[in-house]
Amino acid sequence: MAEERRDNLGEAKQSFFAKQQLINAARTTFQHLAAVMKNATLYPEAHPSLLSSAEKLLIKVQELLVDRKEVSFYLVGGELFFETHSVPIDQSLSLLMEQFVSREIGGIVFKPGLTQTEIITFARLMSKEPAFIVSAGGASAVLAQGNISHIELHRAIIVDKKVGSAIKDGKKASANFMGAIDTVKGMIHAVHLDKAVNMRKMNTTVQTMVDDILENRDAFIGLTSIKMYDEYTFAHSVNTSILAISLGTFLSLDKNQVAVLGIAGLLHDIGKVSIPLEIVNKPGKLTDEEWEVIQRHPVEGALVLSDVPGVTKMAMVTAFEHHQHRDHRGYPQVEGGPRQHLFSQIVALADAYEAITAARVYYSSRTPPDQAIRILLKNRGGLFDPILVKAFVNMIGIFPVGTLVKLDTGEVGLVVHQTRDLLRPRVLLLTKFDGSEKETGAEVSLLETVSGQYVRSIVGTIDPNAANINVKQYLD
Ligand SMILES: [Fe+2]
Ligand SMILES: [Fe+2]
């Protein structure tokens, strides 16, 4: 059992690392391309600097070609993609991307058989003025005239920047969210009344959630920012489940495992049904006795779940372990017990983020999502596995979807999508604050640059409660 647990964690870590490694290799390749393009404008054809930069690019491309038929990069909406992976960009890369975009190039493909000479010819041709390229019939025509057959170009892809897909898909997501709340509510009531729990309905709900999240992770994560001021435990369970499902998906767990994770998230706090509501929802500090009662909920939860037929055993494990912490300093204390299961760690992380950002009846305002992320980062190592925290932050962004941000242009933006750069999401610019922007407002990427300078940058976040802005109207 313990071995199996380590393997699970090992696999998720491995696929996460493999993905990061691939993205790094793609980034280096594109950086070498940027260097060749720059050198082509500075040096004559046979200059050693130009030759060596072309050689470096060729080696990188050949490395990537070992396990793929072609190496292709795409430029979409100010972002760089290698295959389906978003690649983080810095200033040298954004300059090259601007150069491409102004020549109506939407991507570049390197094919087996590529030579150093082709690379140099390509770089020299693409350094010509955009007007020259247009008059010669476009970049692809210029390449054909230069006898370059192992480099192909994509035409520029125009994306509809007006309305973000996170917002468009919000309606459907919102209906499922409410459905999920009803299901969990039914289940918790049933446990209260000792009725049989409808596990089949629960499984279908979670499966639908998994399907939706696989389609659009951002939309669901956005929903978790819609906090409910009542029915706290229900909403908390659903939000935790959504976040756990998202993280599982992000870690490339398979669909069945993700569904189990979703159920585990929904049920992790079910032990709270045996704790008096006055204690669960008590505003302010708990007494020592009350704290002791609260600490029983993981054990109570595991006991309740052991009696429910059809519930995955993993939900029991997760309910039992979700407050144990990575360093085993949490509760319940188990001497020398096995380390927290990967799924318990994922649920614990989702649970913590959810609890920190939640709007509870007695909080005047909630902790903004960016601050919650900072709290998680501070606790990596002790409470949480640092790799999981890193994955979580990568998934959710430093400024999660639904965060209101202040920009250096004086504008106010609502984060609607993550990009590869965690500090530069896509935002909807807000001017009227009445929800009408989602139909007409401009959605911009904070990765956009002009002459290598970012057009907009985030200078701070805005608390929607304090500013009296109803974020929910933009997300449903
Ligand atoms: Fe809990
Ligand atoms: Fe919880």
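What you see is a predicted model, and the numbers here were worked out from it, not measured in a lab. (Residues numbered from 1 in each chain as written. Chains lettered and ligands numbered in written order. Predicted model: local features only at pLDDT ≥ 70, side-chain atom pairs only at ≥ 80, totals over all residues. Heavy atoms only, no water.)

S.K.: Looking at this model, I keep getting lost on the coordination of the iron ion (ligand 2). Mind explaining?
M.R.: Geometry reference: four tetrahedral donors at a metal, ideal angle 109.5 degrees. Six octahedral donors, ideal angles 90 or 180 degrees. Those protein atoms acting as donors to the iron ion (ligand 2) are H236 (NE2), H268 (NE2), D269 (OD) and D351 (OD), and they sit at 2.1 to 2.3 Å. Taken together, the four donor atoms surrounding the iron ion (ligand 2) define angles of 77 to 167° at the centre, an arrangement classified as irregular. The sequence pattern describing where the donors of the iron ion (ligand 2) fall on their chain is H-x31-H-D-x81-D. Separation of the iron ion (ligand 2) from the iron ion (ligand 1) amounts to 3.4 Å, with D269 serving as a shared donor to the pair. Pair noted here: H268 is in the loop between α12 (255–267) and α13 (277–280) and D351 is in helix α17 (residues 342–357), with a separation of 83 residues, a long-range link. Here H268 matches D351 in class, with each residue buried. (Donors = N, O, S within 2.8 Å, 3.2 Å for Na, K, Ca; no water. Tetrahedral: all angles 85-135°; square planar, octahedral: opposite > 155°, others 65-115°. Helix = DSSP H or I, 4+ residues; strand = E, 2+ residues; numbered from the N terminus. Buried < 20%, exposed > 50% of the residue type's maximum accessible area, 1.4 Å probe, protein only.)

S.K.: Even after reading the chapter, I still don't get the coordination of the iron ion (ligand 1), so can you show me in this structure?
M.R.: Here the iron ion (ligand 1) is held by D269 (OD), H297 (NE2), H322 (NE2) and H323 (NE2), and the distances to it run 2.1 to 2.3 Å. Taken together, the four donor atoms coordinating the iron ion (ligand 1) and their angles of 81 to 171° define a geometry best described as irregular. When the donors of the iron ion (ligand 1) are listed by position in the chain, the intervening gaps give D-x27-H-x24-H-H. The buried category is assigned to H322, whose relative accessible area is 3%.

S.K.: Would you mind going over the environment of V416 with me for this structure?
M.R.: Position of V416 among the secondary structure elements: in strand β7 (residues 412–417). A residue is classified by how much of its surface remains accessible, and V416, at 0% relative accessible area, is buried. Between the C-alpha atom of V416 and that of Y474, which follows or precedes it by 58 residues, the distance is 9.3 Å.

S.K.: Hey, could you run me through the pattern of salt bridges in this one?
M.R.: Side chains that carry opposite charge are capable of pairing whenever their charged atoms lie near each other. All chains considered together, the criterion is met by nine salt bridges. Notably, a salt bridge pairs E152 with K111, separated by 3.5 Å at the nearest N-O pair. Of this pair, E152 sits in strand β5 (residues 151–155) while K111 is found in the loop between β4 (105–110) and α4 (116–126), placing the two residues 41 residues apart along the sequence. The partly exposed category is assigned to K111, whose relative accessible area is 23%. A single network of salt bridges, built from pairs that share partners, joins E70, K111 and E152. (Salt bridge = Lys/Arg side-chain N within 4 Å of Asp/Glu carboxyl O.)

Shape descriptors only; they carry no functional weight alone.
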